[in-house]
Amino acid sequence: MKKILIANRGEIAVRVMKTVKKMGIQTVAVFSEADRNAPHVLLADEAVCIGEAPSNKSYLRGDKIIEVAKELNVDGIHPGYGFLSENAEFAEAVENSGITFIGPKSKAIKIMGSKLAAKETVKEYDIPMVPGIDEAITDVDKAKEIASEVGYPILIKASAGGGGKGMRIVEKEEDLESGMKRAISEATSAFGDGSVFVEKYVKSPRHIEVQVMADTHGNVLHFFERECSVQRRHQKVVEEAPSSILTPELRKKMGEAACKVAKSCDYVGAGTVEFLMDADHNFYFLEMNTRLQVEHPVTELITGVDLVELQIKVARGEALPMKQEDLAINGHAVELRVYAEDPLNDFLPSVGNLETYQLPMGEGVRVDNGFREGMDIPIYYDPMLSKLITYGKTREEAIELMLEAIQNYKIKGVQTTLPFGSFVFAHEAFRSGNFDTHFVKTYYSPEKIKEQTAAEAEVAAMIALYQYLEDKKLVRLPSN
Ligand code: MV4
């Protein structure tokens, strides 16, 4: 491969290009009219405007992107995450045009895009699943039968759903009929597919996912787990690797289960197998994401591998250059997604101009960033500015570094999730490792950040006053 087109924008386009360049491969950026001066455009060897600002006129225009790739003699297309990354038709169209799609075959994308097809596919592989039914269900009596077998509360899920969309908890039998009718009609209008199924509702789950990578020679490796239990409305905000609760035995079991999920669909490339873990540390397969994930850096920091480099190598047909025994966890990494959103105002997007934008630096600090001082944040896309990642020998060290890095990240002009990050990483429940997916709902309110800001402002005022009085020689504090 001599030339790779990155079909994405923002921090992930920049991150992918860094590795492509490191490998001595030429880079092609595509961009919308809103992104003319964006970092990913300036970093690329070649850059082509593919349309107007809205995603459906630019970053989602698979046909246009393939046309550009053919014109510039591109050998491979890296889709990043979001946009076209899990679009089976796009992956197929890329391959049909003689270009390598840096990702799995469209068959695997299609299977894992449907929760029911995924369950069906992994069935014979002895993967733990949440008790329930693994086929589309419309009959209320059948649903009642399953529900009384597994016990209430139950969860109705849409097969085509994702990220929590189309889920409905049912507490008792008399609510099942109306719950199902609503779930089916919601799924039909949201996804054009009304298939729903029923599972036992796991009450206080933790979200633990396993990074896998497969080559075209039948090798599948896992790169241990990430924990992403701190979410709000199914949007991850804080991630870490490894999870603070896994034992080596559980880690091995989950890693092996994840590899089996990958094998079940002839997976190639980087993928993530999501599990739920209940309070008794039972784990259940949920779904597989067939892309490089936002939170992949925490895995890179604890394993020392460059996952994008491996993606490119396996896409070129090379065998994975290591064995499972060669992989080990070294240290601990935490990540905060820095969004231009206002944590004091229901996390509404806070777009505007980055009047001040200075990144924290130092040993153990990594910032995967897509912005520069002075830039406007486009309203058209996901408002994530960057990912702040810190690495330490221990979890405590990584968390301390994170709190320091948040203080050293200077942003003016928009509200961000940085203060929310300080709240999470300073919180006793997070620090002790005793938390689940209800963390934000249980502990967070805007007042928590207001209190924090007020306390910080008080300290700042005291320091300023002291300095003022010192400068005027009005006070002398005892010194030694
Ligand atoms: C569940 C569950 C409890 N029980 N399934 C949310 C998104 C989708 N990936 C699956 N999800 C869940 N499935 C059963 N049987 C709870 C969730 C869930 C959740 C999962 C992971 C991370 C955060 C979550 C927040 C709320 C609910």
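Residues numbered from 1 in each chain as written. Predicted model: local features only at pLDDT ≥ 70, side-chain atom pairs only at ≥ 80, totals over all residues. Heavy atoms only, no water.

## A look at the domain arrangement of the protein
Rule in force here: Domain segmentation is taken from an automatic or database assignment of domains. Buried area: the accessible area, evaluated with a 1.4 Å probe, that two parts lose upon being put together, summed over both parts. For this analysis, a salt bridge means a side-chain nitrogen from Lys or Arg found within 4 Å of a carboxyl oxygen belonging to Asp or Glu. Strands here mean DSSP runs of E at least two residues long; helices mean DSSP runs of H or I at least four residues long; both are numbered from the N terminus. By the convention adopted, Pro, Cys, Tyr, Trp, Phe, Met, Ile, Leu, Val and Ala count as nonpolar, Lys, Arg, Asp and Glu as charged, and the other residues, Gly among them, as polar.
Entries for the protein in the domain assignment read domain 1 (3-102), domain 2 (131-200), domain 3 (208-447) and domain 4 (453-480). Spacing between the C-alpha centres of domain 1 and domain 3 amounts to 23 Å. Taking both partners together, domain 1 and domain 3 bury about 2,300 Å²; carbon and sulfur atoms supply 61% of that area. Across the contact surface, domain 1 and domain 3 share six salt bridges. The salt bridge partner of Glu86 is Arg291, with a shortest N-O separation of 2.4 Å. Elements with a minimum of two residues in the side of domain 1 that touches domain 3: helix H1 (10-22) and helix H2 (39-43). Here the side of domain 1 that touches domain 3 takes nine residues from H1, the largest share from any one element. Of the residues contributing to the side of domain 1 that touches domain 3, the split by class is 17 nonpolar, eleven polar and six charged.

## A word on the site of the ligand
As a reminder, the rule being used: Near, as used in this document, describes a residue that has one of its heavy atoms within 4 Å of the molecule or strand being considered. Two N or O atoms form a polar contact when they lie within 3.5 Å of each other; inside protein one atom must be a possible hydrogen donor and the other a possible acceptor, and for residues adjacent in sequence the pair counts only when both atoms belong to side chains. The protein chains shown are the only cover counted for residues, whose accessible areas, like all others here, come from Shrake-Rupley with a 1.4 Å probe.
Taken together, 17 residues lie around the ligand, and Lys157, Glu199, Lys200, Val202 and Glu287 are the ones closest in. One nitrogen or oxygen atom from the main chain of Lys200 is found 2.7 Å from a nitrogen atom belonging to the ligand. In this structure, a nitrogen atom belonging to the ligand sits 2.8 Å away from a main-chain N or O atom of Val202. Contact with the protein chains hides 92% of the accessible area of the ligand, taken as 520 Å² for the molecule alone. Listed by contribution, the elements that provide at least two residues to the shell around the ligand are strand S6 (154-158), strand S8 (196-200), strand S12 (269-277) and strand S13 (283-289). Its residues assigned to classes, the shell around the ligand shows seven nonpolar, five polar and five charged.

## Details of the UniProt feature "domain: Biotin carboxylation" (unreviewed entry) in the protein
What counts is decided by this rule: UniProt positions are given in the numbering used here, feature names are shortened, and annotations may be inferred rather than shown by experiment.
UniProt records the feature "domain: Biotin carboxylation" (unreviewed entry) at residues 1-445, using the numbering of this structure. Helix makes up 33% of residues 1-445 and strand 25%, and the two end C-alpha atoms of the span are 50 Å apart.

## A closer look at the UniProt feature "domain: ATP-grasp" (unreviewed entry) in the protein
UniProt's feature table lists "domain: ATP-grasp" (unreviewed entry) at residues 119-316, given in the numbering used throughout. Span residues 119-316 is 33% helix and 29% strand, its end C-alpha atoms 30 Å apart.

## A closer look at the sheet that holds strand S4 (residues 76-78)
Where we set the bar: Pairing between strands requires that DSSP locate at least two bridges from one strand to the other.
The strand order across the open sheet built from five strands is S3-S2-S1-S4-S5, with neighbouring strands paired in parallel fashion. Edge strands, defined here as strands with exactly one partner in the open sheet, are strand S3 (46-51) and strand S5 (100-101). The pairing of strand S2 (residues 26-32) with S3 spans five bridges and is parallel. The residue bridging Val28 from the neighbouring strand is Glu46, located in S3.

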